[in-house]
Amino acid sequence: MVKFQCSIAINLVLLQCLLALVASQRFDFFYFVQQWPGSYCNTKQPCCYPTPAKPAADFGIHGLKPYYNNGSYPSNCDPNSPFNPSKISDLESSMQKNWPSLACPSNNGQAFWSHEWEKHGTCSKSVLDEHAYFKAALELKQKANLLQALKSAGITPGGSYSLKSIKHAITEAGGYTPWIECNKDSSGNYQLYQIYLCVDTSASKLIKCPVFPKGPCSSEIKFPSF
Ligand code: AMP
């Protein structure tokens, strides 16, 4: 009898732990979104280089965004955790290089990072604090190395390529199919704008995307120079 009560108690504790885990996580995966600066800057909208310098001709981080498997996402989850630049001062130079702001007027990038942390980062706070959130994104960028993946397949800025070949090159290099977001240059041609990879809830490894975003593109797209 005592043994039976004991096993019920253990099961209840396990159930409570499981429920706590599910409740604290509150999202299913991340989209890790990287952006081609050439495609941000050649549209009808203006772009402004960040105050330190023109960014390198490389993909820049746009964001690390918690999502649900049904394609929706939480946002602005904690007004009590505003962006605090002093918490990431050791990452500052890497942020300038890898997460450049291209919005006008020119600025040091903190407005963009603040937007990303407050809108998306606060929704993954159960797993990553502010420093861990930005550090994880910087490490993912090194791991994914999109420019190298494309270069290895002969896909370089200044050309036009099939959407299929771009997806194939990234899948070959990283093991998982990405989603490609296109935008239009100032003449209205579709071009490679952002690349979405899916990442597990600890923000440490790439996974197969549970769901893909949606959006228009053409079968042949530009990869403009920057
Ligand atoms: P999100 O809410 O994460 O989808 O981000 C959208 C916002 O980020 C919009 O206001 C965009 O104009 C802005 N944004 C996107 N890329 C950049 C960039 N490279 N620099 C500055 N702002 C950007």
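Presented here is a report on the structure given in the accompanying data block. (Residues numbered from 1 in each chain as written. Predicted model: local features only at pLDDT ≥ 70, side-chain atom pairs only at ≥ 80, totals over all residues. Heavy atoms only, no water.)

To continue, consider the state of the cysteines. One pass over the structure, following the stated rule, counts five disulfides. Paired by a disulfide, Cys 77 and Cys 123 hold their sulfur atoms 2.0 Å apart. Its torsion about the S-S bond being 95 degrees, the disulfide of Cys 77 and Cys 123 is classed as right-handed. In this pair, Cys 77 is assigned in the loop between strand 2 (60-67) and helix 3 (92-98) and Cys 123 in the loop between helix 4 (110-119) and helix 5 (130-144), connecting sequence segments 46 residues apart. What makes Cys 123 buried here is its relative accessible area of 6%. With cysteine numbering restricted to those in disulfides and following the sequence, the protein has the pairing 1-2, 3-5, 4-6, 7-10, 8-9. (Disulfide = S-S within 2.5 Å. Helix = DSSP H or I, 4+ residues; strand = E, 2+ residues; numbered from the N terminus. Buried < 20%, exposed > 50% of the residue type's maximum accessible area, 1.4 Å probe, protein only.)

For helix 7 (residues 163-174), which comprises twelve residues, the first-to-last C-alpha distance of 17 Å matches the rise-based estimate of 16 Å (1.5 Å per residue) to within 8%. Of all the residues in helix 7, the buried ones are Leu 163, Ile 166, Ala 169 and Ile 170. One side of helix 7 carries all its buried residues, which in axial view fall inside an arc of 135 degrees. Turned more than 90 degrees from where helix 7 packs its buried face, Lys 164 and Glu 172 sit exposed. Looking at the buried residues of helix 7, the elements they touch are helix 6 (146-152), strand 3 (159-162), strand 4 (179-184), strand 5 (190-199) and strand 7 (220-223). (Expected span 1.5 Å × (residues − 1). Arc of directions from axis to C-beta. Contact = heavy atoms within 4.5 Å.)

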